[in-house]
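# Understanding the architecture of this molecule
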Amino acid sequence: MTPRDGQLDDSPVRMLLALGRVDGDKDLLKELVDTFQEDLSERVSSLAAAIRRGDDRETFHAAHSLRGPLGILCAEKALALAGELETLGRAGQLGEAATVGDAFEREMTKVAAFLSDFDWKTL
Amino acid sequence: MRILIADDDLLTRRILEKILAKSGHEVVAAASGSEAWQILSGQDPPALAILDWMMPQMTGVEVCRKVREAGGSVPTYLVVLTSRGQTDDLVTAFEAGADDYITKPFEAEELRARVSVGVRMITLQQQLADRILALEESLAHVQQLQGLIPICAWCRQVRSDGNFWEKVESYLGKRSGLQFTHAICPTCKAKQIEGLKHLRPA
């Protein structure tokens, strides 16, 4: 099995799976990645700020809004962490959110770097 | 078919738009629940709507509830897009009036399959509504035949409302649109032939 099968691929974004999700439309996937990158750092920062403020409602909304794109792009680890933050925000239990938030920020740095450096010719 | 997609996430809207347009559908997009409700409550709304659950101002489930409350001759087919896959959540969506749901993130194939189920349902409902309309129109043209009809035991003429006597075929023709062709039954035919025999010169 090769990383291209998508099974042994431990990269933060599984591009091959994401391509399948958009019906093999490479142009569309590129457009989605570009759109996602436009305000990515801003969105991650507002989630981190909401966690720091202890604003459970905003944490929930910010995490939820990131889950959609992360799911589309098959950024599985980041998606799972955003899901945890969404759950904590919804339950109003932000006690553990700081640790999860830090892990999420680290993972999102990897996601952003991966997307910026991605060589589209390899897809 | 014209399809409304409502999602506050631009990426999801773009994917939905692209996949549905590729399948030959005309897509109308909304970025909030209230915008979706405006479109669905306006004139000539799309027959099918894909609504994200979590949207600003009004959730997809609230939009479903409002659409169902408003009614309509052919109900809009409503699909809720959700990242919540738990039974309780799905029951909430169905109780609010959703016809189906798609869990995020979705695959293009699944989206297409669920949309074609919706298209099939809408076509069936439209055919049914057309049949009902045609039946109602037919009924309006047919006067009901009911109650007791006085008929002469000898000549078989029927007494109409105005106390006139008329032939049974004329009476039924006026009230039901029935048309009669004239023939002779074997019994009458035999009787007539027998009668004619008596007319022959001995």
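Thresholds applied
Residues numbered from 1 in each chain as written. Chains lettered and ligands numbered in written order. Predicted model: local features only at pLDDT ≥ 70, side-chain atom pairs only at ≥ 80, totals over all residues. Helix = DSSP H or I, 4+ residues; strand = E, 2+ residues; numbered from the N terminus. Rg over C-alpha atoms; globule rule 2.2 N^0.38 Å. Buried ≥ 20, exposed ≤ 12 C-beta atoms within 10 Å, placed from the backbone. Contact = placed C-beta atoms within 7 Å. Pairing = 2+ DSSP bridges. Axes fitted to C-alpha atoms, helices over the stretch in contact; angles between N-to-C directions. Domains from an automatic or database assignment. Nonpolar A, V, L, I, M, F, W, Y, C, P; charged D, E, K, R; others polar.

Before going further, it helps to spend a moment on the overall build of chain A. Counting secondary structure elements, chain A contains 6 helices and 0 strands. Starting at the N terminus and walking to the C terminus, you meet the elements of chain A as α-α-α-α-α-α. A compact globule built from 123 residues should have a C-alpha radius of gyration of about 14 Å, and chain A, at 15 Å, falls within 12% of that. The principal-axis extents of the C-alpha atoms in chain A amount to approximately 45 × 30 × 20 Å. The proportion of buried residues among the 123 residues of chain A is 37%. Within chain A, residue pairs in contact and separated by at least 24 positions form 57% of the contacts whose partners lie at least 6 positions apart.

Attention now goes to the sheet that holds strand 5 (residues 100–103) of chain B. Residues and elements named next belong to chain B. Read across the open sheet, the 5 strands follow the order 2-1-3-4-5; overall the sheet is parallel. At either margin of the open sheet sits one strand with a lone partner, and together these are strand 2 (26–30) and strand 5. The mean angle between the axes of side-by-side strands here comes to 20 degrees, regardless of whether they run parallel or antiparallel. Examined bridge by bridge, strand 1 (residues 2–6) and strand 2 share 5 bridges and lie parallel to one another. Following the sheet pairing, Leu4 is matched in strand 2 by Val28. The strands touched by helix 1 (residues 10–22) are strand 1, strand 2 and strand 3 (48–52); relative to strand 2, the strand with the most contacts, the crossing angle is about 170 degrees.

Annotation of chain B at the domain level lists domain 1 (2–139) and domain 2 (157–199). Here the C-alpha centroids of domain 1 of chain B and domain 2 of chain B sit 59 Å apart.

Okay, the interface of chain B and chain A next. Chain B puts 14 residues into the contact, and the matching count from chain A is 16 residues. Here the side of chain B that touches chain A is built from residues that sort into 7 nonpolar, 2 polar and 5 charged.

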